[in-house]
Amino acid sequence: MTFAYDTEATLVDMAKLINTAANGGDQLSTPVHLDEFLDMIEFTGPRQHSEEDLAAVRNLRPRLRSAWIASEDEAVELVNAILREAQALPQLDKHDHWDYHLHAATPDAPVGVRLAAEAAMALVDVIREKELDRLQLCSAQGCDAVLVDLSRNRSKRFCDTGNCANRTHVAAYRARKHATARSA
Ligand SMILES: [Zn+2]
Ligand SMILES: [Zn+2]
């Protein structure tokens, strides 16, 4: 394991959130979509089901995405800004099937603030471990989705949004076959 389990879970959820806007799509266009997304990542705490919450979470996406292409100093600036805005108050908590993990904002803060603060705390770990290169863009041609490479040998290259790994392998196979046919 590269990071604490809740940090890893949060990083994966961040990538999922960012990728709701990948490749020109948008899977977060209504408060219902937001509810479904929060259920999917098992994000607890109060929700308003409001347009304001939706707008805050939508605005968070490009901000978090910037961490994937940031220098260390830029990532630090982002993290510190989010923690300041959220007036983060890290607390360990244990509920449902989760063992002790960090809650970074006050429980009654809006969902966008809580998501942002939790993401920032996960990035705190990544930065302190000098592991920012775990945050990668998908290697598939034409895909702008992000991924978190938590593999031991840093071998993850493709996002989980669709078929990128498969698509790339098929294209490589076709190119090889084509090259063989030409040289024959
Ligand atoms: Zn929790
Ligand atoms: Zn991809």
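On a predicted model such as this, the values are computed, not experimentally measured, just so you know. (Residues numbered from 1 in each chain as written. Chains lettered and ligands numbered in written order. Predicted model: local features only at pLDDT ≥ 70, side-chain atom pairs only at ≥ 80, totals over all residues. Heavy atoms only, no water.)

Participant: Hey, could you run me through the UniProt feature "domain: Zinc finger CGNR" (unreviewed entry) in the protein chain in this one?
Facilitator: Taking the UniProt record as the reference, the feature "domain: Zinc finger CGNR" (unreviewed entry) is found at residues 134–177. Helix makes up 32% of residues 134–177 and strand 14%, with an end-to-end C-alpha separation of 33 Å. (UniProt positions renumbered as here; feature names shortened; annotations may be inferred. Helix = DSSP H or I, 4+ residues; strand = E, 2+ residues; numbered from the N terminus.)

Participant: Help me understand the coordination of the zinc ion (ligand 2) in this model?
Facilitator: Ideal coordination angles are 109.5 degrees for a metal with four donors arranged tetrahedrally and 90 or 180 degrees for a metal with six donors arranged octahedrally. Taken together, C138 (SG), C143 (SG), C159 (SG) and C164 (SG) make up the protein donors of the zinc ion (ligand 2), found 2.3 Å from the metal. Each donor residue of the zinc ion (ligand 2) belongs to the same chain, with the gaps between them written as C-x4-C-x15-C-x4-C. With a gap of 16 residues between them, C143 in the loop between β3 (135–137) and β4 (146–148) and C159 in the loop between β4 and α6 (164–183) connect regions that are remote in the sequence. In terms of burial, C143 and C159 fall into one category: buried. (Donors = N, O, S within 2.8 Å, 3.2 Å for Na, K, Ca; no water. Buried < 20%, exposed > 50% of the residue type's maximum accessible area, 1.4 Å probe, protein only.)

Participant: Would you mind showing me how to read helix α4 (residues 72–85) here?
Facilitator: Structurally, the α-helix is built with 3.6 residues per turn, so residues lying three or four positions apart point the same way. For α4, spanning 14 residues, the distance from its first C-alpha to its last is 20 Å, which sits close to the expected 20 Å at 1.5 Å a residue. Of the positions making up α4, those classed as buried are A75, L78, V79, A81, I82 and L83. In the core, the buried residues of α4 are packed alongside α3 (51–68) and α5 (111–128). Of the residues trailing α4, Q87 is marked for its positive phi of about 45°. (Expected span 1.5 Å × (residues − 1). Contact = heavy atoms within 4.5 Å.)

Participant: I keep staring at the nonpolar core and nothing clicks. Help me out?
Facilitator: Taken as a class, soluble globular proteins show a tendency for nonpolar side chains to be buried jointly. In this structure, L11, L64, W68 and L123 are the most contacted members of the largest nonpolar core, which totals 42 residues. When residues of this core are traced back to their parent elements, those giving at least two are α1 (5–19), α2 (31–40), α3, α4, α5 and β4. Residues in contact with L64, not counting those within four places in the same chain, are M14, L17, I18, I82 and A119. By size, the runner-up hydrophobic cluster in this structure holds eight residues, among which are A22, C143, C159 and C164. (Core = buried A, V, L, I, M, F, W, Y, C linked by side-chain atoms within 4.5 Å.)

Participant: Hey, could you run me through α1 in this one?
Facilitator: When the terminal C-alpha atoms of α1 are compared, their 21 Å separation across 15 residues agrees well with the 21 Å that a helix rising 1.5 Å per residue should span. Taken across its 15 residues, α1 has eleven buried, putting it largely inside the fold. Those residues of α1 that fall on the buried side of the exposure criterion are D6, T7, E8, T10, L11, D13, M14, A15, L17, I18 and N19. Where the residues of α1 are buried, they touch α2, α3, β2 (98–103), α5, β3 and β4.

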